[in-house]
Amino acid sequence: MTEQLFPKKLEEISQYNWTNLEVPSEIGNYKKVIIGVNTIFVIDDNDELWAWGSNDYNKLGLSNEAMKEYTGRDAVKLFIKDLNNNTVKVSHVYSWYAVTFVISTTNDVYVAGSNNHGTAGINSDLETINTFQKVAGLPSGEEIQCIYSDTPHGNTSLSNRIIIVMENGDIYSAGDSMLGKTSKIFTKIISNSDIYNKYNSNVRKAIYANALYNHNVALVILLENGNLYWIQYKNSEIVFNKIEEFSENVKDISYLYTKSPLIVETIDNKFYYCGMKTLDLINFGLDENLLTEVINGTQVMKDFIDLEEVLPSKMFENNDSIKKIMNGSQAADGTTNFFYIMNSGKVWGSGSIKRLGLGNEYISNANSTTTTEIILIAGGNEALSNLKDIKIKDF
């Protein structure tokens, strides 16, 4: 399972600059720190869950009494109860702008927050789930690989669909699956056994991605053999479309924020990008002229592009290469920031100047809040002086 682990001191981006963030002392020893959208979660050594930050749509599942006192500045322990009123021990958390899913140590899943389109998966018409409740439809006790929203880092977006990938490769969905099934409980939409019988390989990862070949939303599946497929519902059938550019060569896939491009990392450690929005390109520090075709009135990319070929050559001096791409939350105006973490330890940033801790001199034009320049922000002699002490934890 993918985890975001941090040391006792952790560096995080505030709206205007870089700041040190420390886990509150009242939590004591802890196992895991997980960064959600505007909210931070900590699992302590007793497998109990703490949180501080945003509580949009009551995604922390606080009682009415607790909500009156909650300021967002202090850590609070989240009490999650099973059907027998026993306290749930927590192993992992997935949280977005308006909803939080918690996985217990016994592989049960609990949810609080927005139930837009039934995405909470508890068979309810309520718009908001105010206390953590166990989701319906999943096989009992089976290990979970990951949970994914179609708005992974959307700062003001409600999910229309949630998928849960089981460790055995089966894929369940609640909400509008885009594959002919809309459900208020989690329903199996892809069977790993069917995938294996057809392609002789198991499901490794599945995510929803926008801006892929001008399809508004597409389910993208990575198989263990390194092949990549995007799935569509056509003529009442589920159709698998192989992305031929990466035959048996995909290491990982990621979809970094609402309506963002799909990022593909290959086995030979190259990163590829496919998108369809000018703002996406600017946020990534790329040239908007890379949108080469017009389909149904929208400028799109014809193919995936190798980021090393279109990013500034200064990033790759001395045979440096990209190790990881990260981003912050998307703002209401669509701006965000991206960080290219290099194998040398350097970190380059692009996008929203406020989230990079930059001054107005970096604004690309009078009507913009982003910079079109990719800037060295850590790990080199030319790094900005106000950011020179920043360290990026490898996780």
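Scoring rules and cut-offs
- Numbers given to residues run from 1 along each chain, matching the order in which its sequence is written.
- Where local features are concerned, this predicted model is filtered to residues with pLDDT of at least 70; where side-chain atom pairs are given and counted, the filter is 80 or more; whole-chain, interface and lining totals use all residues.
- Only hydrogens and water are set aside when side-chain values are computed; all heavy atoms of the structure are taken into account.
- A run of DSSP states H or I qualifies as a helix once it reaches four residues; a run of E qualifies as a strand once it reaches two. Both are numbered from the N-terminal end.
- Relative accessibility decides the category of a residue: with a 1.4 Å probe and only protein chains considered, values under 20% of the type maximum give buried, values over 50% give exposed, and everything between is partly exposed.
- Throughout, a residue-residue contact means that at least one pair of heavy atoms, one from each residue, lies within 4.5 Å.
- Here the accessible surface of atoms and residues is derived via Shrake-Rupley with a 1.4 Å probe, and residues count as covered only by protein chains that are part of the display.
- At least two bridges found by DSSP between two strands is the condition for calling them paired.
- We call two N or O atoms a polar contact when they sit within 3.5 Å, provided that within protein one can donate a hydrogen and the other can accept it, with sequence-adjacent residues counted only if both atoms are side-chain atoms.
- Only the contacting stretch of a helix is used when fitting its axis, a line to C-alpha atoms as for every element, and angles between N-to-C directions run 0 to 180 degrees.
- Only centres within 6.5 Å qualify two rings of Phe, Tyr or Trp (six-membered ring in Trp) as a pair; their planes then separate them into stacked at under 30 degrees, edge-to-face at over 60, and tilted for everything else.
- Residues belong to a common nonpolar core when they are buried Ala, Val, Leu, Ile, Met, Phe, Trp, Tyr or Cys residues joined through side-chain atoms within 4.5 Å.
- Definition used for salt bridges: Asp or Glu carboxyl oxygen within 4 Å of a side-chain nitrogen of Lys or Arg.

1. A look at the overall build of the protein
Part 1 of the argument: Counting its secondary structure elements, the protein contains 4 helices and 28 strands.
Part 2 of the argument: Put simply, the protein has 395 residues, and 53% of those count as buried.
Part 3 of the argument: Here the analysis covers contacts within the protein between residues at least 6 apart in sequence; of these, 47% occur between residues at least 24 apart.
Part 4 of the argument: Carbon and sulfur atoms make up 42% of the accessible area of the protein, which totals about 18,000 Å².

2. Some words on the sheet that holds strand 21 (residues 271-274)
Part 1 of the argument: Spatial ordering of the open sheet is given by 19-20-21-24, a layout of 4 strands whose pairing is antiparallel. The open sheet has two free edges, formed respectively by strand 19 (250-255) and strand 24 (305-306), since each of these has just one partner strand.
Part 2 of the argument: Pairing analysis gives 4 bridges linking strand 20 (residues 262-266) to strand 21, with the strands arranged antiparallel. For Ile263, the partnering residue across the bridge sits in strand 21 and is Tyr273.

3. Things to note about the side chain of Ser173
Part 1 of the argument: Mapping Ser173 onto the fold places it in strand 13 (residues 171-176).
Part 2 of the argument: Looking at Ser173, its side chain comes within polar contact range of the main-chain oxygen of Ile162, at 3.4 Å.
Part 3 of the argument: Ignoring sequence-local partners within four residues, the contact set of Ser173 consists of Ile162, Ile163, Ile185, Phe186, Thr187, Ile189 and Tyr208.

4. Some remarks on the sheet that holds strand 13
Backbone-to-backbone hydrogen bonds join strands into a sheet, with any given pair of strands oriented parallel or antiparallel.
Part 1 of the argument: As summarised here, the arrangement of the 4 strands in space is 11-12-13-14, forming an open sheet in which the pairing is antiparallel. The sheet is open, and its two edges are formed by strand 11 (144-149) and strand 14 (182-190), each paired on a single side. In this sheet, adjacent strand axes meet at a mean angle of 20° when their direction is disregarded.
Part 2 of the argument: In this structure, strand 12 (residues 161-166) lies alongside strand 13, joined through 5 bridges in antiparallel fashion. Residue Arg161 lies in a different strand from strand 13, and its bridge partner there is Gly175.

5. Focus on the packing of aromatic side chains
Part 1 of the argument: Under the criterion given, the structure shown has 8 aromatic pairs.
Part 2 of the argument: Both rings, one in Tyr199 and one in Tyr229, keep their centres 4.6 Å apart while their planes meet at 40°; by these two values the pair is tilted. Separated by 30 residues along the polypeptide, Tyr199 in helix 2 (residues 192-199) and Tyr229 in strand 17 (residues 228-234) bring together distant segments of the chain.
Part 3 of the argument: Taking the centre distance of 5.0 Å and the plane angle of 80° together, the rings of Phe246 and Phe304 count as edge-to-face.

6. Quick look at the pairing of strand 12
Part 1 of the argument: Taking burial as the measure, the 6 residues of strand 12 include 6 buried ones, the bulk of the element.
Part 2 of the argument: The alternating pattern of strand 12 places Arg161, Ile163 and Val165 and Ile162, Ile164 and Met166 on opposite faces, both of which are buried.
Part 3 of the argument: Two elements, strand 11 and strand 12, share 5 bridges in a ladder whose sense is antiparallel. If you follow Ile144 over to strand 12, its bridge partner there is Met166.

7. Describing the nonpolar core
Part 1 of the argument: Ranked by internal contacts, the top residues of the largest apolar core, which has 54 residues, are Phe101, Ile147 and Leu219.
Part 2 of the argument: The element that contributes the greatest number of residues to this core is strand 16 (residues 218-223), accounting for 6 residues.
Part 3 of the argument: Once you skip the residues sitting within four places of it in the chain, Ile147 turns out to touch Tyr94, Trp96, Phe101, Ile103, Val109, Ile162, Ile163 and Ile164.

8. A few points about the side chain of Ser183
Part 1 of the argument: Within the secondary structure layout, Ser183 lies in strand 14.
Part 2 of the argument: Owing to a relative accessible area of 16%, Ser183 belongs among the buried residues under this scheme.
Part 3 of the argument: Apart from the residues lying within four places of it in its own chain, the contact partners of Ser183 are His117, Gly118, Ala174 and Gly175.

9. Brief notes about the pattern of salt bridges
Part 1 of the argument: Enumeration over the complete set of coordinates arrives at 10 salt bridges.
Part 2 of the argument: Note that Glu48 and Lys77 form a salt bridge whose closest N and O atoms lie 2.9 Å from each other. In this pair, Glu48 sits in the loop between strand 4 (39-44) and strand 5 (49-53) while Lys77 sits in strand 6 (residues 76-78), placing the two residues 29 residues apart along the sequence.
Part 3 of the argument: Since its relative accessible area comes to 19%, Glu48 is described here as buried.
Part 4 of the argument: For Asp176, the salt bridge goes to Arg161, with nearest N and O atoms at 3.6 Å. Here Asp176 is found in strand 13, whereas its partner Arg161 is found in strand 12, with 15 residues between them in sequence.
Part 5 of the argument: According to the relative accessible area criterion, Arg161 is buried, its value standing at 5%.
Part 6 of the argument: Each member of the salt-bridge network shares a partner with another, and the members are Lys270, Asp306 and Glu308.

10. What about unusual backbone geometry?
Part 1 of the argument: Phi angles above zero are rare outside glycine, and Tyr57 is one such case at about 60°.
Part 2 of the argument: With respect to the helices and strands, the residue Tyr57 is situated in the loop between strand 5 and helix 1 (64-69).
Part 3 of the argument: With a relative accessible area of 35%, Tyr57 lands in the partly exposed category.

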